[in-house]
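# Survey of secondary and tertiary structure
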Amino acid sequence: MDTFFKKKEWREAEIQKLESSIKEESPSLPSVTGYVHLHILERNDEQALSVLNVPNHLMTPYMLYWIDYFSANKDWNRMGPYAEAFIHKLRDYLKQSDDYYACMDFTRMAIKAISPYCLESSKMDLYEKALMETLPYSYSDYEYLLFEKGEFIKWADLQAFIGFDIDSLGKDRIREISKKEPSILLPLYHQAITAHINMKNRDHYREAVRKMKKLRTLYNKLKRQEDWQLFLELLLEKTKRLRAFQEECKRGKLIDA
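Residues numbered from 1 in each chain as written. Predicted model: local features only at pLDDT ≥ 70, side-chain atom pairs only at ≥ 80, totals over all residues. Heavy atoms only, no water.

Attention now moves to the overall build of the protein chain. Secondary structure assignment for the protein chain yields 14 helices and 0 strands. Each helix (α) and strand (β) of the protein chain, taken in turn from the N terminus, gives the series α-α-α-α-α-α-α-α-α-α-α-α-α-α. The C-alpha radius of gyration of the protein chain comes to 26 Å, more than 25% above the 18 Å expected for a compact globule of 257 residues. By principal-axis analysis of the C-alpha atoms, the protein chain measures approximately 90 × 35 × 25 Å. Across the 257 residues that make up the protein chain, the buried fraction comes to 43%. (Helix = DSSP H or I, 4+ residues; strand = E, 2+ residues; numbered from the N terminus. Rg over C-alpha atoms; globule rule 2.2 N^0.38 Å. Buried < 20%, exposed > 50% of the residue type's maximum accessible area, 1.4 Å probe, protein only.)

Here is the structure:
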């Protein structure tokens, strides 16, 4: 990174040349990048960050190189403000692209870049913030982090946000949460049941009934039979015109034939 402009006077001279370009209403990307780069080499972090903190999604990918530069030098104290500025830009940068796989690749690079700093500086809150800012592309990493930390409420909120069917979440995950905090699964089952009913065909009605039986088991486990009964009554009233669904409920012995 510091192969060119090795001498301090060379760097300072180049910064002076770029000053006027930076002050223009719409400075060119090469000028801005070069200006920031030279200030980083000169350890003028305040000046570099004053530019990086201005909203400009085009600068975001270049910040990967500077983050890696600090990591390679284990310069954790300097890296902190840059890592925070970088994370703050991630969501807006990812919004600029419709290419899902490109966003996935960039997210992987971004998380990998900030991870050493977060680990070395015990800044796992910043790591989690980066995962949140890069959703849905960081789903796998964020899901794993929350589950390992036992933050099951956040974990359930993440599933609801992503919109995954509860059956796709892994039997081991569901089994462990069912043992430790079964109430957390209730909204996920409610969401899945509603989604299947809204598909309005016989196969999805059968799947809804299957999930309703699991939901009933959870309510019984929590000794909330009255809540289950209220839910069932309201649902049947709401779907009274869906004859096929009502038939599947009878077939599944959720209601009397």
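Moving on to the packing of aromatic side chains. On inspection of all chains with the given rule, the structure shows 11 aromatic pairs. Each ring, one from Tyr93 and one from Phe106, has its centre 4.5 Å from the other, and the planes form 50°; the classification is tilted. With a gap of 13 residues between them, Tyr93 in helix H5 (residues 76-95) and Phe106 in helix H6 (residues 100-120) connect regions that are remote in the sequence. Of the residues examined, Phe106 reaches a relative accessible area of 6% and is grouped as buried. Here a set of aromatic residues connected by ring pairs shows up, and it is made of Tyr69, Phe70 and Tyr82. Above the plane of the ring of Phe147 lies Arg173, whose end atom (NZ or CZ) is 4.0 Å from the centre. (Phe/Tyr/Trp six-rings, centres within 6.5 Å; stacked < 30°, edge-to-face > 60°. Lys NZ or Arg CZ within 6 Å of the ring centre and 35° of its normal.)

Residues at a pLDDT of 70 or more form 91% of the protein chain, whose mean pLDDT is 90. The least confident element of the protein chain is helix H1 (residues 8-22), whose mean pLDDT is 67; the most confident is H6, at 97. (pLDDT = per-residue confidence, 0-100.)

As a further point, take unusual backbone geometry. Backbone geometry follows two general trends: most residues other than glycine have a negative phi, and most peptide bonds adopt the trans configuration. In this model, Leu135 is joined to Pro136 through a cis peptide bond whose omega is 5°. When you line up the elements, Pro136 lands in the loop between helix H7 (124-133) and helix H8 (139-149). Of note, the phi angle at Ser122 is positive, near 55°, even though the residue is not glycine. Looking at the element boundaries, Ser122 is found in the loop between H6 and H7. Of the residues examined, Ser122 reaches a relative accessible area of 63% and is grouped as exposed. Of note, Lys223 is a non-glycine position whose phi angle comes to about 60°, a positive value. By the element assignment, Lys223 lies in the loop between helix H12 (202-221) and helix H13 (225-238).

Turning to the environment of Glu247, a few remarks are in order. Assignment of secondary structure puts Glu247 in helix H14 (residues 243-251). Through-space distance from the C-alpha of Glu247 to that of Arg206 is 9.6 Å; in sequence the pair is 41 residues apart.

This paragraph deals with the side chain of Arg78. Note that Arg78 resides in helix H5. We classify Arg78 as buried; its relative accessible area is 8%. Residue contacts for Arg78: discarding those within four places in its chain leaves Ile40, Arg43, Asp45 and Phe70. (Contact = heavy atoms within 4.5 Å.)

Taken as a whole and assessed by the stated rule, the structure comprises 23 salt bridges. Notably, a salt bridge pairs Asp75 with Arg78, separated by 3.7 Å at the nearest N-O pair. In terms of burial, Asp75 and Arg78 fall into one category: buried. Of the charged contacts in the structure, one is a salt bridge between Glu151 and Lys149, with a shortest N-O distance of 3.2 Å. We classify Glu151 as partly exposed; its relative accessible area is 25%. On the basis of relative accessible area, Lys149 is assigned to the partly exposed category, the value being 42%. Within this structure, Arg202, Asp203, Arg206, Arg243, Glu247, Glu248 and Arg251 form a network of salt bridges that share partners. (Salt bridge = Lys/Arg side-chain N within 4 Å of Asp/Glu carboxyl O.)

In this section: the environment of Phe86. Following the sequence through the fold, Phe86 ends up in helix H5. It is 11 Å that separates the C-alpha atoms of Phe86 and Leu126, two residues lying 40 residues apart in sequence. Excluding residues that lie within four positions of it along the chain, Phe86 makes contacts with Thr60, Met63, Leu64, Ile67, Phe106, Ala110 and Ile114.

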